[in-house]
Amino acid sequence: MGFNYCPSGTSSNSKMNMSSWSMQITSSINNIISLFASTFLVSYIVQVNAGAPLGDSLVSIGLFYVSLYAVMAVCYFLMGYLVDRSSRIWYYRVGIIIKGAFIVFLIFLGEELAKLSFLAGALYGIAESFYWSSYNVMKCEIIPRAHADKFVAINTLLNKIINVVFPILIGFMIDVSTFAVVAIYVLVIVAIQLVFSFFIKSQRPENSNFNFFGYLKKLRGKTDDIKRIKRFYPVAICYGATTICTSLVSILSITTFKTNLNLGLFTAGFSVISITALLLFKKFTKVGGRRVLYVIMSVVPLMAGVMVACKITQWTYIVFNIAETVSLTLLAYALDVQRTIILKKTGHYEDIAEHQTLTELLFCLSRIVTFGLMLVFGLLLDVTGLRILTLIISFAFPFLCLFLAKMEKVEKDFPIETRVVAVVQEPVPCENTENNQ
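Residues numbered from 1 in each chain as written. Predicted model: local features only at pLDDT ≥ 70, side-chain atom pairs only at ≥ 80, totals over all residues. Heavy atoms only, no water.

Asker: So what's going on with the packing of aromatic side chains? Which residues, and what values?
Answerer: Under the defined criterion, the tally for this structure stands at 28 aromatic pairs. Pairing F77 with F213 gives two aromatic rings, centres 5.8 Å apart and planes at 70 degrees, and the pair type is edge-to-face. You can see F77 sitting in helix α2 (residues 54-83) and its partner F213 sitting in helix α7 (residues 212-218), a full 136 residues away along the chain. Judged by centre distance (5.5 Å) and plane angle (90 degrees), the rings of F266 and Y317 are edge-to-face. A residue pair is termed long-range when its members are at least 10 positions apart, and F266 in helix α11 (residues 260-284) and Y317 in helix α13 (residues 314-345) qualify at 51 residues. Accessibility assignment for this pair places F266 and Y317 in one class, buried. Taking NZ or CZ as reference, R228 lies 3.6 Å from the ring centre of F414, over its face. (Phe/Tyr/Trp six-rings, centres within 6.5 Å; stacked < 30°, edge-to-face > 60°. Helix = DSSP H or I, 4+ residues; strand = E, 2+ residues; numbered from the N terminus. Buried < 20%, exposed > 50% of the residue type's maximum accessible area, 1.4 Å probe, protein only. Lys NZ or Arg CZ within 6 Å of the ring centre and 35° of its normal.)

Right under this line is the structure:
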């Protein structure tokens, strides 16, 4: 027999279990891999092109990410059908294995990476689509909405702690050895991630059905629950546009401070500040009461972008890095909470996979546009293009804050849990009675 959702008696029955904590661990390990495959990969491409104009690096990096997100968009959409017809976890493990293959690819590619960045991006895009298409669905299904805020907060804090230790370690190791040697160590970390994935228990809910175009048709509706869901997607579009900030700060760091160790030190230092900001944000603010803070996070990154656009120096890099790092930490946390619980709060459990797919497609669309701009500016404007691109991306912050504030203003009036009678409380995964015998 299949797997079903059934009502829990109270929220206390829906505690974070071994699967939840294992997802926290695998997600944190994935952040280490992403640090290597994004921040330091970008740095490596810039260093390989050290004797060439900066525009060459922008083109290589732009090609890598345009390829990554174009392939990811297509594969993620196709994976939606496969994941919804499976126990989810096996596609998650396949994604981890393909990431391992990507690391091996980098080891043998060496300095040819700058020339074959498009191919590297395509392989990483396949890995990301397998990984996130299964992870996002499992997270929504496994994590009760009563614990979504806790799960996201812990996940964000763990990732920021990793960003304190590993950037320095990876940066130092690359500077004293080689990119390929560090890649071997990262490959070992991938193996550890795969082991922990076997502690995650996930099954396909009975009658699970992936109907993406049916969901798009449903979103044309005018009911209050549909209007609430649709408020999330402009947030997703704006957030996707800010992804390029990680690459921008990596390029600016290597351009101004020259070494991977300095890149690691700044990444770590700003992560400490971000952790402190997140703890204060969670403790002293509530959904619907963050308007002033969102205004600040709209203005400060935009001003920092203007400074970089005027002149690229060590100080303008530092101001831009700290402004975007802290702001994105808080905004990503607030966004992820809404992304995880909005379908459950509106009672659309059957649309979780479709919602996650649409969210990722919007992310990919924004990322393709922004990295496409990097590619064009690299071809045409060199360093000037980098400055203009930084300014353009800075305008995503005010729009992101605006749409998130509008969504939270509405959602604050709807409780996370429904406490009318037991039969309408939070559904959690449970097996059929036949399977409990």
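Asker: Report on the side chain of E354, specifying residues and quantitative values.
Answerer: As for its placement among the helices and strands, E354 is situated in helix α14 (residues 352-380). Buried charge without a salt bridge: E354, with K218 as the nearest opposite-charge side chain at an N-O distance of 7.5 Å. Reaching out from E354, the side chain makes a polar contact with the backbone nitrogen of N211 at a distance of 2.7 Å. Apart from residues no more than four positions distant in its own chain, E354 is found in contact with N209, F210, N211, F212 and Y215. (Lys, Arg positive; Asp, Glu negative; His and termini not counted. Salt bridge = Lys/Arg side-chain N within 4 Å of Asp/Glu carboxyl O. Polar contact = N/O pair within 3.5 Å; in protein donor to acceptor, adjacent residues only side chain to side chain. Contact = heavy atoms within 4.5 Å.)

Asker: Give a detailed account of unusual backbone geometry, specifying residues and quantitative values.
Answerer: One non-glycine residue, D382, adopts positive backbone phi at about 55 degrees. For D382, the location among the structural elements is in the loop between α14 and α15 (383-394). Under the relative-accessibility criterion, D382 is labelled partly exposed at 26%.

Asker: Please set out the pattern of salt bridges residue by residue, giving values where relevant.
Answerer: For the structure shown, the criterion picks out eleven salt bridges. Taking the shortest distance from any N to any O, the salt bridge between D149 and K282 comes out at 2.2 Å. One end of the pair, D149, is in helix α5 (residues 148-176); the other, K282, is in helix α11, and 133 residues separate them in sequence. Here E360 and R339 are joined by a salt bridge, their closest N and O atoms 2.9 Å apart. Here the residue E360 occupies a position in helix α14, and R339 occupies one in helix α13, the gap between them amounting to 21 residues. The burial state of E360 is the same as that of R339; both residues are buried.

By themselves these figures say nothing about function.
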